[in-house]
Amino acid sequence: MADLGKKYCVNCLADVTNLRLRCTDCPDIELCPECFSAGAEIGLHRRWHSYQQVDGGRFSLWGPEAEGGWTSREEQSLLDAIEQYGFGNWEDMAAHVGASRTPQEVMEHYVTMYIHGNLGKACIPDNIPNRVTDHTCPSGGPLSPSLTTPLPPLDISLAEQQQLGYMPLRDDYEIEYDQDAEKLISGLSVNYDDEDVEIEMKRAHVDMYVRKLRERQRRKNIARDYNLVPAFLGRDKKDKEKEKPAAGSGPVPSTPKRKITKEEKDQRSRLRGLCQFMAHREFEDFFENMHKERVLRAKVRELQRYRRNGITRLDESAEYEAARHKREKRKENKSVVTSKRGSGGGLGSGIGLGGGAGGGGGIAGGLGVGGVIKEEGKDGEFAAIENLTGFELLSDREKVLCNSLNLSPARYLTVKTIIIKDHLQKRQGIPAKSRLPSYLDKVLKKRILTFLTESGWISRDAS
């Protein structure tokens with residue numbers, strides 16, 4: 001026997017005691033939500049007839065799997081409470097819903113189902129016009145903590161605070177950067193009857209004030225980062241004097257610092273403007289990396305010089321440097337002896353003017369007439385030509401000649417080859433035309449011919 005207290009759908013005979021839809025035009029026609037949604041028609045009942053919702057207040061809008069088991073009557077009371085008390089007044093809303101729900105449960109259910117749930121996603125747009133901006137956010141807003149939170153106070157004495165006009169509890173100075181910046185907003189007020197132009201003007205004033213605050217804070221950060229306050233007070237010099245060892249005491253161990261060259265000092269002075277865009281540590285690292293680059297470039301040039309001289313291993317470089325040092329020392333000694341001999345020959349020729357051929361030879365040897373080449377073996381003597389092509393093919397005296405004439409080794413070798421070839425052709429009776437390059441003037445030609453004659457490459461008659 002059927003339970004008399006239960007109600008059943010006239011179409012599918014499902015239990016509709018908790019929720020049913022009753023037709024107001026046809027008597028005894030009650031349908032379940034599924035049959036009503038499908039548009040079921042029985043007898044004289046049609047789907048466009050008016051209807052009435054009948055429920056016992058015990059069914060759930062979100063299904064039996066919803067958390068908390070909220071009934072339809074509690075859902076309706078919650079929506080009435082949110083409209084009456086407003087979002088956020090959870091205690092008043094919980095009292096309106098009923099004693100069975102706590103403020104925490106009311107908040108979680110409303111946020112979960114009506115905001116983050118499918119209903120909230122379908123009803124709340126992504127971009128809400130005229131939404132109020134939260135200016136207290138930590139992302140750089142006008143009232144964000146990044147601008148309003150003061151830095152730790154400076155570690156200075158009371159007398160130094162008075163000298164600077166510094167207020168440690170506020171981390172401010174009596175005279176700040178752009179002292180009158182607050183006048184931009186001191187007279188602003190928001191009225192309900194302001195026009196759009198007036199509102200935009202007030203926003204522009206606030207924006208200008210915020211820019212001035214940021215610039216003020218940026219200058220404070222630079223002064224902190226580069227220790228400008230202690231430098232202004234002269235505390236750096238005092239600290240250095242304290243670090244110096246007292247008389248009679250042992251040396252104080254300290255980390256040796258790299259000596260800064262004059263070139264680097266000038267470069268630092270030219271790039272001083274970068275200090276306001278870089279932290280002190282970054283500024284120092286920048287110049288330290290530039291110094292490392294110069295050192296590496298010098299090392300690369302040294303390795304390339306080793307490679308040109310056939311050295312392929314580092315252990316061979318030590319032997320090469322030792323041999324090079326000996327050669328330079330020997331060349332230096334030889335140049336000193338040669339210069340002494342030349343000075344002695346000149347003095348002898350001056351004393352014996354009537355000495356015939358011997359006296360003439362003394363004049364030529366002492367004064368260097370005829371282009372006698374003196375060797376001066378100084379460090380870096382051939383720096384201008386030692387990296388040029390053909391330098392390694394020259395003798396020591398030829399290197400001195402090219403260096404004194406400012407002539408590249410390749411051009412000297414070309415002129416030397418042409419002169420010797422013409423000399424050999426003349427000795428064989430073959431007529432030869434002068435084929436000397438255009439860059440060789442009379443002075444250079446005379447110096448080179450004299451050098452080749454004295455060195456024995458050609459005879460004196462040919463020169």
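Residues numbered from 1 in each chain as written. Predicted model: local features only at pLDDT ≥ 70, side-chain atom pairs only at ≥ 80, totals over all residues. Heavy atoms only, no water.

(A) Focus on the overall build of the chain. Regarding its fold elements, the chain presents 18 helices and five strands. The burial tally for the chain puts 25% of its 463 residues in the buried class. Pairs at least 24 apart in sequence give 42% of the contacts found in the chain among residues at least 6 apart. Approximately 33400 Å² of the chain is accessible, and the part contributed by carbon and sulfur atoms is 54%. (Helix = DSSP H or I, 4+ residues; strand = E, 2+ residues; numbered from the N terminus. Buried < 20%, exposed > 50% of the residue type's maximum accessible area, 1.4 Å probe, protein only. Contact = heavy atoms within 4.5 Å. Areas by Shrake-Rupley, 256 points an atom, 1.4 Å probe, with all protein chains shown as cover.)

(B) Region of interest: the side chain of Lys416. In this fold, Lys416 is placed in helix 17 (residues 409–427). Residue class for Lys416 comes out buried when judged on its relative accessible area of 11%. Residues within four places of Lys416 in sequence aside, it is in contact with Glu398, Leu452 and Trp457.

(C) A look at the pairing of strand 1 (residues 19–23). Where strand 1 meets strand 3 (residues 51–55), five bridges bridge the pair, whose relative direction is antiparallel. When the sheet's bridge partners are listed, Arg22 is paired in strand 3 with Gln52. Relative to strand 2 (residues 30–31), strand 1 runs antiparallel, the two sharing two bridges. By the bridge assignment, Arg22 is partnered in strand 2 with Glu30. Hairpin connection between strand 1 and strand 2: a loop of six residues separates the two successive antiparallel strands, and Asp28 in this loop has a positive phi of roughly 60°. (Pairing = 2+ DSSP bridges.)

(D) Structural view of helix 2 (residues 72–85). For helix 2, spanning 14 residues, the distance from its first C-alpha to its last is 20 Å, which sits close to the expected 20 Å at 1.5 Å a residue. Those residues of helix 2 that fall on the buried side of the exposure criterion are Ser72, Glu74, Glu75, Leu78, Ala81 and Ile82. The secondary structure elements touched by the buried residues of helix 2 are strand 3, helix 3 (90–97) and helix 4 (103–115). Following helix 2 by one or two positions, Gly86 adopts a phi angle in the positive range, close to 90°. (Expected span 1.5 Å × (residues − 1).)

(E) Quick look at the packing of aromatic side chains. Per the stated rule, a full pass over the model turns up seven aromatic pairs. A centroid spacing of 6.1 Å and a plane angle of 50° characterise the contact between Phe87 and Tyr110, whose relative ring orientation is tilted. Residue Phe87 is found in the loop between helix 2 and helix 3, and its partner Tyr110 is found in helix 4; the two are separated by 23 residues along the sequence. Relative accessible area serves as the criterion here: at 55%, Phe87 is assigned to the exposed category. A ring pair is formed by Tyr110 and Tyr114, whose centres lie 5.3 Å apart and whose planes are at 20°; its orientation type is stacked. Of the two residues, Tyr110 and Tyr114 both sit in helix 4, four residues apart, roughly one turn of that helix. Given the relative accessible area of 11%, Tyr114 is considered buried. (Phe/Tyr/Trp six-rings, centres within 6.5 Å; stacked < 30°, edge-to-face > 60°.)

(F) Quick look at the confidence of the model for the chain. Mean pLDDT over the chain stands at 76; residues scoring 70 or higher make up 75%. Per-element confidence in the chain ranges from a low mean pLDDT of 36 for helix 15 (residues 356–367) to a high of 91 for helix 3. When the criterion is pLDDT under 50, residues 246–255 qualifies, and its contacts beyond four places in sequence or with other chains add up to three contacts. (pLDDT = per-residue confidence, 0-100.)

(G) Inspection of the environment of Ile124 at higher detail. The topology assignment puts Ile124 in the loop between helix 5 (118–123) and helix 6 (145–148). Exposure remark for Ile124: the relative accessible area of 36% places this residue in the partly exposed category. Residues Ile124 and Tyr114, 10 residues apart in the sequence, show an inter-C-alpha distance of 9.5 Å. Those residues within four positions of Ile124 in sequence are excluded, and the remaining contacts are Tyr114 and Ile115.

(H) Just the pattern of salt bridges, in detail. Applying the stated rule across the entire model yields 23 salt bridges. Notably, a salt bridge pairs Glu30 with Arg22, separated by 2.9 Å at the nearest N-O pair. Its relative accessible area of 12% is what places Glu30 among the buried residues. Three or more residues joined by partner-sharing salt bridges are found here, namely Glu264, Arg268, Glu284 and Arg294. (Salt bridge = Lys/Arg side-chain N within 4 Å of Asp/Glu carboxyl O.)

(I) A negative patch on the surface, seen in detail. Judged by side-chain charge, Asp193, Glu195, Asp196 and Glu198 come together as a negatively charged surface patch. Judged by relative accessible area, which is 53%, Asp193 ranks as exposed. (Patch = residues over 30% accessible without salt bridge, like charges linked within 9 Å, V, L, I, M, F, W, Y side chains within 5 Å. Lys, Arg positive; Asp, Glu negative; His and termini not counted. Charge placed at Lys NZ, Arg CZ, Asp CG, Glu CD.)

(J) Structural view of the state of the cysteines. Evaluation of the coordinates by the stated rule reveals zero disulfides. For Cys23, which is in no disulfide, the shortest distance to another cysteine sulfur is to Cys26 and amounts to 4.0 Å. Since its relative accessible area comes to 5%, Cys23 is described here as buried. (Disulfide = S-S within 2.5 Å.)

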